[in-house]
Amino acid sequence: MRVSDLGAVGMFRVVKIAAGAALVLPASFVFWLDTARQENRTVFFHFRRGDDLVIFGIERDELLKFQGRGSSRIRHALVEQGALRVRQYGVHRTEGGSVQIGPEKQIELTPGDASSIRFGASFVIP
């Protein structure tokens, strides 16, 4: 098929697709560069300890030292080390009424916690 066989509508579609690709590729590259330059980020997990839902975070670089993917990295670390210290997170309202998510305290995960650890966390705003 030659370009002249496409007609005006077909040619418009080709140009539209090429323009879209020209915008998406640079945007993807900029996103990748921004991600590559980011400082270490906290990765969140949750588990149940009794009736309590515990949300904790671990720095990405620390997490990547362990084998596995997602929450299996935490389980592998607990098997290898027997315990793991992480930061527990919570949601609080400030005096001004705004919401703040931040670390509350250091906690120690044990092999008994391993089976209930899940990747990700949902914060409930009080």
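Residues numbered from 1 in each chain as written. Predicted model: local features only at pLDDT ≥ 70, side-chain atom pairs only at ≥ 80, totals over all residues. Heavy atoms only, no water.

A. Quick look at the packing of aromatic side chains. Following the criterion strictly, the structure yields four aromatic pairs and no others. The interplanar angle of 20° and the centroid separation of 5.5 Å between the aromatic rings of Phe45 and Phe56 together place this pair among those described as stacked. Of this pair, Phe45 sits in strand S1 (residues 42–49) while Phe56 sits in strand S2 (residues 52–59); the two residues are 11 residues apart in sequence, bridging distant segments of the chain. Owing to a relative accessible area of 0%, Phe45 belongs among the buried residues under this scheme. Residue classification places Phe56 among the buried positions, given a relative accessible area of 0%. On the basis of an interplanar angle of 75° and a centroid distance of 5.5 Å, the ring pair of Phe45 and Phe119 is categorised as edge-to-face. Here Phe45, found in strand S1, pairs with Phe119, found in strand S5 (residues 118–119); they are 74 residues apart in sequence, far enough to count as distant. What makes Phe119 exposed here is its relative accessible area of 54%. Grouping aromatic residues by their ring pairs yields a cluster made of Phe45, Phe47, Phe56 and Phe119. (Phe/Tyr/Trp six-rings, centres within 6.5 Å; stacked < 30°, edge-to-face > 60°. Helix = DSSP H or I, 4+ residues; strand = E, 2+ residues; numbered from the N terminus. Buried < 20%, exposed > 50% of the residue type's maximum accessible area, 1.4 Å probe, protein only.)

B. View of the pairing of strand S4 (residues 99–109). Note: strand S3 (residues 84–93) against S4, 10 bridges, orientation antiparallel. Considered in S4, the bridge of Gly90 is made with Gly102. Count of turn residues in the S3/S4 antiparallel hairpin: five residues, of which Gly97 carries a positive phi of about 95°. (Pairing = 2+ DSSP bridges.)

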